[in-house]
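Residue-level structural notes
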Amino acid sequence: MRRLFHLLVLFLLATNALAQWPPAHFNFTVPFKKGGGSASIAETQVKYLPGVNLIYNSANSGADEWGKMKTYPKDGSVITLINLPHIYIQPYVPSLHAQYTPDDIAIAYIHTYTPLVLLVAANSPIRDWYDFVDACKTSHVVVSGAGMGTVFEVGSDRLRKLANLQFDYASAGDGADAAINATVAGNFTAAWTTTPVVIGRTDIRPIAIAAEFEFPQIDAPTFNNLGINYVDGIYRGVGLPKGTRDDVLQQVSDYFNHMNRNLSFIAEVQASGATQVFMPYGSKSLNTFTARYYKQVMSTLFPPDPIERGALYSFFALGGVGVLLTIGAAGFATVYRATPIIKGSSYFFNLIILVGILLAYLSVMVYSVQMPLQGVTEQTLNLVCQGMPWLLGLGFDITFAAIIVKSYRLYRLFMFSAASIIQFNASNLAILKWVAIVCGANVVVYVVWTAYDPLTATLLSLDGNETFYYACQSRSSAFLAVTLVLKYAMLVACIFFSIKLRDLNAMLNESKAIAAATFSTTFISTVCLAVYALVGNFEGRYIILTGGAILGTTCVLGALFVPKIMVVIFSPDSNTFDAVRRVLKGSSLQSRSGGSGSAQDSSMSPKSPTAPLHRGSSVDLFSPAMVAVANTAGSKHPIYIQEGKPIAREQKDRINALTRVISNTAASGRIPEFQEHVTKLANYASRFRVMNAKGGSRAVLLNPGRSMMDTTKQIAEENF
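First, a word on what this report is: a plain description of the structure on this page. (Residues numbered from 1 in each chain as written. Predicted model: local features only at pLDDT ≥ 70, side-chain atom pairs only at ≥ 80, totals over all residues. Heavy atoms only, no water.)

Time to look at the overall build of the protein. Each helix and strand in the protein was counted, giving 25 helices and 15 strands. For the protein, the proportion of its 720 residues judged to be buried stands at 51%. Partitioning the contacts of the protein with sequence separation of at least 6, the portion at a separation of at least 24 is 75%. If you sum the accessible surface of the protein, you get close to 33,200 Å²; carbon and sulfur atoms cover 60% of it. (Helix = DSSP H or I, 4+ residues; strand = E, 2+ residues; numbered from the N terminus. Buried < 20%, exposed > 50% of the residue type's maximum accessible area, 1.4 Å probe, protein only. Contact = heavy atoms within 4.5 Å. Areas by Shrake-Rupley, 256 points an atom, 1.4 Å probe, with all protein chains shown as cover.)

Below is the structure:
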């Protein structure tokens, strides 16, 4: 019986201990001045807290009071109003010298939430949000708020990013009244406060509320209704010093939870413009919310690098490797420029293509200069954005313009009649002019684009307004669209010529290499553009753009130069002029669809004196002279003409072609080539058979008493 009595006494004592809060007398501290949103909530709550002593301590935006909590008793005799996100932000604001961390505060209960309100003075020329936006674009706008290291300061930064606006934030002191009064006095353009503060005031005009739903007591739209995904505010609750016993925290939580459900209290809170929340101590709702909210605040204060430094360093290095490879390819082409493998593909064209490839690799290095790197500013990013069309775009243009013109030269020389060949100027200077013309259309677009609507570093979010970074954007996408259309048109032209020239001899033709470079570039560009549009993070887009540029550029470099390097290394015997003569004998130097002067079967016999190829000679394998050789030297069948009748245009075109080459080589002092083509003309003339009236025929022979030079001169004078 005595044992049962002792257990009953212990139970009553324990029950009494659990029921001790609130004690007869306790302090309720508020870290702000009277008149603000925090003070108004606390003043409403004290009506339901017997024995409470309400204390205001507004020093240092609340940081002083929250720092003092570590010195308060841990028995519930002192409770403190806490604000989130303030207690998460202030320890990281150096100017506040906050003497606490979030872990020093034990949250017993979170009871209300008050959204932020952006307001102006009632007599302000700014009538609504759109006027505010215009003011930000045309003048220096300063928005005030209560203190530093508060939701008002962080909210200003978030709104600037979300709305893409420029305005400054300045603290007007502690307490909402200080910011509002300073704004009404004309010291600031606008001010931040919370919903309870604006209700009933006639000297201010709310222009937007950072809430999910509109407030009937406040005549202003939400930011969501204005098309801006901005919801922000202050969560208020009760905190005690770290180390307070769980039973005390639970008692405080239970009391405030009971108060929060009191109908009279609910009516007062709703009338004040606040919103009630119910997050008791130890509940899943409180633990989940505080963990998520703390992470969100930390990501706002210390945003992760939108692009990892490792990725920037890696692609910068890859771009540098590409530059070295390009320089190496230029050196290779220079060293072997007198050999058929380079002479056949035109040393001059190779250098032009390498200039374009070099610009493309440099664009990767320049685009890798991003914000996470030290010293990179918004101005730096603007320069990077404006330079991309001139590096990556122009690099593409130069590379494929050279390929197009090079292919067109082959097309004109081997697929057209002799007259057309002679009329076509295939000199390097003329070719450079055509490359400039092809690039010129793109350059005009770049100039207009840069002058009227340049790419600029624009701050935006791709992942639900959690991570902000700068992306290169213009006001209109028209210039980008035109640029892409021109690029694809160039790729289509390259594909066309690679198909047309597919049967030319490989020593004189790079149709397969050009096709490989063109098709790989087309595929990589199309895939990268499609994936780029679908990716929702900045690092992914950076990797796609730079990786695609490196992969496409390297494919072009490899397709055009690796086969040449392989020939030099593994088949040096084929890289001689004797080998070229053997290859060209009876091979594919023939016209598939040319005019009346096309030959059906042309070849260059290495034994023939009419087709010498001298090592070290300056002859261009794609010159009109070589084409004339290909089109005339090998045909041995006789040509019958009627006496007294002019020869056919076909034969006249061939004679004109050879005599023009003879004149050009004589004028430039290229005596071996001159003699070579005089011999060709003589051989061609020997094929003519004149039909007399009786049906017989006789050969047209050169006058044996005259020199070959005199005969050539006479033919030239007669035909030109």
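All right, on to unusual backbone geometry then. The peptide bond linking Leu84 to Pro85 adopts the cis configuration, its omega dihedral lying at 20°. Secondary-structure assignment places Pro85 in the loop between β3 (78-84) and α4 (86-89). The phi torsion at His97 lies on the positive side, around 50°, for a residue other than glycine. Here His97 shows up in the loop between α4 and β4 (105-121). Phi angles above zero are rare outside glycine, and Asn164 is one such case at about 55°. With respect to the secondary-structure elements, Asn164 resides in the loop between α6 (151-163) and β6 (168-171).

Within the secondary structure layout, Trp66 lies in helix α3 (residues 63-68). Along the backbone, Trp66 and Pro241 are 175 residues apart, and their C-alpha atoms lie at a distance of 9.2 Å. A distance of 3.0 Å separates a polar atom in the side chain of Trp66 from the backbone oxygen of Leu81. (Polar contact = N/O pair within 3.5 Å; in protein donor to acceptor, adjacent residues only side chain to side chain.)

What follows deals with the pairing of β6. By the bridge criterion, 4 bridges tie strand β5 (residues 142-145) to β6 in an arrangement that is parallel. From the neighbouring strand, Val142 faces β6, where its bridge partner is Asp168. This β-α-β element, β5 to α6 to β6, shows right-handed connectivity. (Pairing = 2+ DSSP bridges. Right-handed = clockwise from strand over helix to strand, strands pointing away.)

Let's shift gears to the packing of aromatic side chains. In total, this model carries 28 aromatic pairs according to the counting rule given. With a centroid separation of 5.5 Å and an interplanar angle of 85°, the aromatic rings of Tyr48 and Phe265 are classed as edge-to-face. A residue pair is termed long-range when its members are at least 10 positions apart, and Tyr48 in the loop between α2 (37-45) and β2 (52-56) and Phe265 in helix α10 (residues 263-272) qualify at 217 residues. Residue classification places Phe265 among the buried residues on the basis of a relative accessible area of 0%. Among the aromatic side chains, those forming a connected cluster through ring pairs are Tyr88, Tyr113, Tyr235, Phe289, Tyr293 and Tyr294. Note that Arg160 overlies the ring of Phe167, its terminal NZ or CZ placed 5.3 Å from the centroid. (Phe/Tyr/Trp six-rings, centres within 6.5 Å; stacked < 30°, edge-to-face > 60°. Lys NZ or Arg CZ within 6 Å of the ring centre and 35° of its normal.)

We now examine the side chain of Thr44. Here Thr44 lies in helix α2. Overall, Thr44 belongs to the buried group, its relative accessible area being 12%. Discounting residues that sit within four places of it in the chain, Thr44 has contacts with Phe265 and Glu268.

Turning our attention to the state of the cysteines. For the structure on display, the rule yields 1 disulfide. Residue pairing for Cys385: its cysteine sulfur links by disulfide to Cys472, the two sulfurs lying 2.0 Å apart. Where Cys385 bonds to Cys472 through sulfur, the torsion about that S-S bond is close to -80°, and the disulfide is left-handed. Separated by 87 residues along the polypeptide, Cys385 in helix α15 (residues 378-415) and Cys472 in strand β12 (residues 468-473) bring together distant segments of the chain. Residue Cys385 is classed as buried on the basis of its relative accessible area of 3%. (Disulfide = S-S within 2.5 Å.)

Another aspect to go through is the nonpolar core. Counting residues in each nonpolar core, the largest one holds 94 residues, and the members touching the most others are Leu118, Trp129, Phe132, Leu159, Trp192, Phe223 and Tyr230. No other element matches the 16 residues that α15 contributes to this core. Apart from residues no more than four positions distant in its own chain, Trp129 is found in contact with Leu118, Leu159, Ala163, Leu165, Ile207, Phe223, Leu226 and Ile228. (Core = buried A, V, L, I, M, F, W, Y, C linked by side-chain atoms within 4.5 Å.)

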